[in-house]
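Coordinates in review
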Amino acid sequence: MSGHQGKSNLRIGVAGTGIFATDKHLPTLNKIDNLSFVACYNRTKAKAETFAEKAGIDKANVADSLDELFNADQVDVVDALLPVQYNLDAVKHAIKFNRPIALEKPISATLEQAREIVKISEATDLPIAILENWSFLKAIDIIKSEVLPKIGQVAAFTYRATGAWNAQNKYAGTAWRQNPEHIGGYLSDGGVHQLALLTGVLGDVASVSALTKQLRKESGSDDILFSTLNLSSGVIGTFTYGSAFGATEKSTSFTIYGTEGSVVYDFSPHLSKPTITYQTGPSLQSASEKVVIEVEEQDTFVAEFENFAEAVLNKDKSHIKVPPAKAFHHLAIIAAALESSNKNGSSVSVEGP
Ligand SMILES: NC(=O)c1ccc[n+]([C@@H]2O[C@H](COP(=O)([O-])OP(=O)(O)OC[C@H]3O[C@@H](n4cnc5c(N)ncnc54)[C@H](OP(=O)(O)O)[C@@H]3O)[C@@H](O)[C@H]2O)c1
């Protein structure tokens, strides 16, 4: 391997040059001045070579193994976009070769693997970030800082993210999604994003009662989830998730009810911009006019990489917005929901790491 770049530049090696590396991480990195891809590795080398060409990576820096990628002199940090059952192995490489690492979500395929990643991350100073980009939604901060203080005591919520089965979803063709080792298949794949948002606004989940079902054989696992959640704060609510239904408009909305008002965050794709709409007042008779905030959302992918870079350049893992322990919680909620469904909807406590 060869090649060196400027000192303030963080040089990234990519592990797994599949769809998301090509379609999202590459254009995202192109928007950030001091980050660049300098090396890559993929199980099927031809795909790594194609990626290298697109990314302007020197052909000599296409690695033949994960070890070679992590060990390369010019690689400062690693960006891993592997089927998530390999995230734990990637973290072990990061420790062995002393390279900070960003891992695509969900944190891992199982809670056991996730627990080990948390344990490893707590025993090292190396920054380890889980790329749950929804945690970087500006809407979370707007709801928390501008709206929740106006609606009294938060009592309850309804969270719904539903959509039609998309037979042409580019991700559905990947073998690891068709035969998922990650718990609940799409329920953990996409569900951790929804739960990052929900818990980002309202805090951790204590217990879950859920029913899940498989509607599509292509999902390889249950693909719809209906549940009630009991939050650690005492707030109660419902969480509904699934994109496996027949024709229906994709709809994503999150309503929070307080004793002095309520707020609806609607980020359905048919809207030109996501909206936060709230009303205040302790009763129907005293209800204020609705206030609508149109959210100028930021690019959450750029934000998560900038956050990772900040932690690495400052050599301070405490800057990481989604460390393994946080991402563990989101996967643990899905695990509890699946267990609850197996017990006909009985309440199940959400495990800690
Ligand atoms: N944040 C988001 O919104 C978002 C969206 C989509 C995906 N993602 C995440 O991005 C990651 C990659 O997803 P993707 O959709 O890009 O999947 P993908 O296209 O299947 O890419 C996965 C890559 O890993 C490689 N791979 C497969 N099995 C492997 C093994 N045993 N050892 C080493 N490498 C192996 C594949 O190599 P081959 O070429 O040999 O098959 C492939 O290039 C996942 O963690 C996913 O959850 C995140």
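Residues numbered from 1 in each chain as written. Predicted model: local features only at pLDDT ≥ 70, side-chain atom pairs only at ≥ 80, totals over all residues. Heavy atoms only, no water.

- As recorded in an unreviewed UniProt entry, the protein chain goes by Piso0_000817 protein and comes from Pichia sorbitophila.

1. Comments concerning the packing of helix H5 (residues 111–122) against helix H11 (residues 324–342)
- Interhelical geometry of H5 versus H11 gives an angle of 165° and a closest axis separation of 9 Å. The angle between the axes of H5 and H11 places the two elements in the roughly antiparallel class. Pair H5 / H11 crosses with left-handed handedness. Residues Leu 111, Ala 114, Arg 115, Ile 117, Val 118, Ser 121 and Glu 122 of H5 form the contact with H11, whose participating residues are Pro 324, Ala 325, Phe 328, Leu 331, Ala 332 and Ala 335.
- Of the residues assigned to the contact of H5 with H11, the class counts are 10 nonpolar, one polar and two charged. (Axes fitted to C-alpha atoms, helices over the stretch in contact; angles between N-to-C directions. Helix = DSSP H or I, 4+ residues; strand = E, 2+ residues; numbered from the N terminus. Parallel < 35°, antiparallel > 145°, perpendicular 65-115°, else oblique. Left-handed = near helix turned anticlockwise from the far one by under 90°. Contact = heavy atoms within 4.5 Å. Nonpolar A, V, L, I, M, F, W, Y, C, P; charged D, E, K, R; others polar.)

2. Some remarks on the UniProt feature "domain: Gfo/Idh/MocA-like oxidoreductase C-terminal" (unreviewed entry) in the protein chain
- The residues that UniProt annotates with the feature "domain: Gfo/Idh/MocA-like oxidoreductase C-terminal" (unreviewed entry) are residues 150–347.
- Along residues 150–347 the backbone is 27% helical and 31% strand, and the end-to-end C-alpha distance reaches 32 Å. (UniProt positions renumbered as here; feature names shortened; annotations may be inferred.)

3. With respect to the UniProt feature "domain: Gfo/Idh/MocA-like oxidoreductase N-terminal" (unreviewed entry) in the protein chain
- Following the UniProt record, the feature "domain: Gfo/Idh/MocA-like oxidoreductase N-terminal" (unreviewed entry) maps to residues 10–124 here.
- Each end of residues 10–124 is marked by a C-alpha atom, and these two atoms are 20 Å apart; helix forms 44% of the span and strand 18%.

4. Some words on the confidence of the model for the protein chain
- Mean pLDDT for the protein chain: 96, with 98% of residues reaching 70 or above.
- Taken together, the stretch residues 1–7 has pLDDT below 50 and engages in 16 contacts with residues farther than four places along the chain or on a different chain. (pLDDT = per-residue confidence, 0-100.)

5. Points about helix H2 (residues 45–55)
- Within H2, burial applies to Ala 48, Phe 51 and Ala 52. In an axial view of H2, the angular spread of the buried residues amounts to 105°, which keeps them on one side of the axis. Structural note: H2 exposes Glu 53 and Lys 54 on the side pointing more than 90 degrees away from its buried face.
- At its buried positions, H2 is contacted by strand E1 (10–15), helix H1 (19–30) and strand E2 (35–41). (Buried < 20%, exposed > 50% of the residue type's maximum accessible area, 1.4 Å probe, protein only. Arc of directions from axis to C-beta.)

6. A word on the sheet that holds strand E4 (residues 101–104)
- A sheet is described by the order of its strands in space; here five strands give the open sequence E2-E1-E3-E4-E5, paired in parallel fashion. Each of the sheet's edge strands pairs with one partner strand only, and the pair in question is E2 and strand E5 (128–131). Strand after strand, the sheet turns through a mean of 25° between neighbouring axes, direction not considered.
- The pairing of E1 with strand E3 (residues 77–80) spans four bridges and is classified as parallel. Directly across from Ala 15, in E3, lies its bridge partner Ala 80.
- In this fold H1 packs onto E1, E2, E3, E4 and E5, with an angle of close to 155° to the strand it touches most, E2. (Pairing = 2+ DSSP bridges.)

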